[in-house]
Structure formats: structure tokens, C-alpha cells
Amino acid sequence: MDPNTQYYPPPAYGPPPRRDDTPVVVEAIASFFSLYGIGWLMAGETTTGLILLVAGLAWGAIIAGSGIATAGLGFCVTFPLHIVFMALTITQLNARLKARGR
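Quick caveat: nothing in here was measured; it's all calculated off a predicted structure.

Sorry if this is basic, but what is going on with the packing of aromatic side chains here?
Between two aromatic rings, the relevant description is the distance of the centres plus the angle of the planes. One pass over the structure, following the stated rule, counts two aromatic pairs. Each ring, one from Phe 32 and one from Phe 33, has its centre 5.4 Å from the other, and the planes form 90 degrees; the classification is edge-to-face. Given the relative accessible area of 44%, Phe 32 is considered partly exposed. A relative accessible area of 59% places Phe 33 in the exposed class. Consider the rings of Trp 59 and Phe 85, whose centres lie 5.1 Å apart with planes at 75 degrees: the pair is edge-to-face. Taken together, the residues span a long stretch of sequence, with Trp 59 in helix α3 (residues 46–69) and Phe 85 in helix α4 (residues 75–100) at a distance of 26 residues.

Take a look at the structure:
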């Protein structure tokens, strides 16, 4: 090696930081049991998480009441709505975390 040549170390590039999808997974599992908002709370979205948690508990009572009062026929209406609500809260949480760069 020539003594007049300067040595430059290679740039220190590492892999990009991984996104933490734990709140999204927790929200998906908990929302199946009408416990919306737990993933939001884990992600630091306290206000949204608390609102969803209270509304989810009320929604769970509506689902249970409609199933009992109508001998199960109420589930034909409320269960598809439950699936839609699950999809909405999960996709919105994922979009919020992606926008924040987490």
C-alpha cells in the first residue's frame, strides 16, 4: 500500500430498523373478543384507545344481548358488523403506525 494513500473505512450502513407490528397483532387478537383499543394503547394513542375500548365493551354487550334476545338470529347482523369494525380498527392502526414511522 502506498504511504501517501489515505484509507477510508467503508460507510457504516446497517439494515433499516424493523417496524414493530406488535400493537397491530394485539389489536387483531383482542378485537376478535370485542376488546378494541388495546393495540392503540400499546402504540401510545391513549385517547383513541380508551374511546375504542369503552365503545368495544358496549358493542360486546349489544352483540351478546342481540344473540340472547333473538335466540341467535341477532348474530346474523351483528357478527358481520363486528368483522367490519375489526378490519377498520386494525387497518387504521397500521396506517397510523406506518405514518409515524414505527
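That covers the picture; the talk isn't over yet.
Can you walk me through the side chain of His 82 in this structure?
Within the fold, His 82 resides in helix α4. Owing to a relative accessible area of 2%, His 82 belongs among the buried residues under this scheme. Setting aside anything within four residues of it in sequence, one finds His 82 in contact with Ser 31, Phe 32, Ser 34, Tyr 36, Trp 59 and Ile 63.

What is the right way to read the nonpolar core from this model?
Nonpolar side chains in soluble globular proteins tend to be buried together. Val 24, Trp 40, Ala 43, Ile 90, Leu 93 and Leu 97 together form the largest nonpolar core, which totals six residues. Apart from residues no more than four positions distant in its own chain, Ile 90 is found in contact with Val 24, Glu 27, Ala 28 and Ser 31.

The rules behind each value
- Along each chain, residues carry numbers from 1 onward, in the same order as the chain's sequence is written.
- Predicted model: local features are reported for residues with pLDDT of at least 70 only, side-chain atom pairs are reported and counted for 80 or more only, and whole-chain, interface and lining totals are derived from all residues.
- Excluding hydrogens and water, the side-chain values take into account all heavy atoms of the structure.
- Two rings from Phe, Tyr or Trp (for Trp, the six-membered ring) form a pair when their centres sit within 6.5 Å of each other. Planes less than 30 degrees apart are called stacked, planes more than 60 degrees apart edge-to-face, and all others tilted.
- Exposure categories follow from relative accessible area, calculated using a 1.4 Å probe and restricted to protein chains: below 20% of the type maximum is buried, above 50% is exposed, and the middle band is partly exposed.
- Note on conventions: DSSP H or I runs of at least 4 residues are helices, E runs of at least 2 residues are strands, and numbering of each starts at the N terminus.
- We call two residues in contact whenever any of their non-hydrogen atoms come within 4.5 Å of each other.
- Working definition of a nonpolar core: buried Ala, Val, Leu, Ile, Met, Phe, Trp, Tyr and Cys residues. They are joined through side-chain atoms within 4.5 Å.

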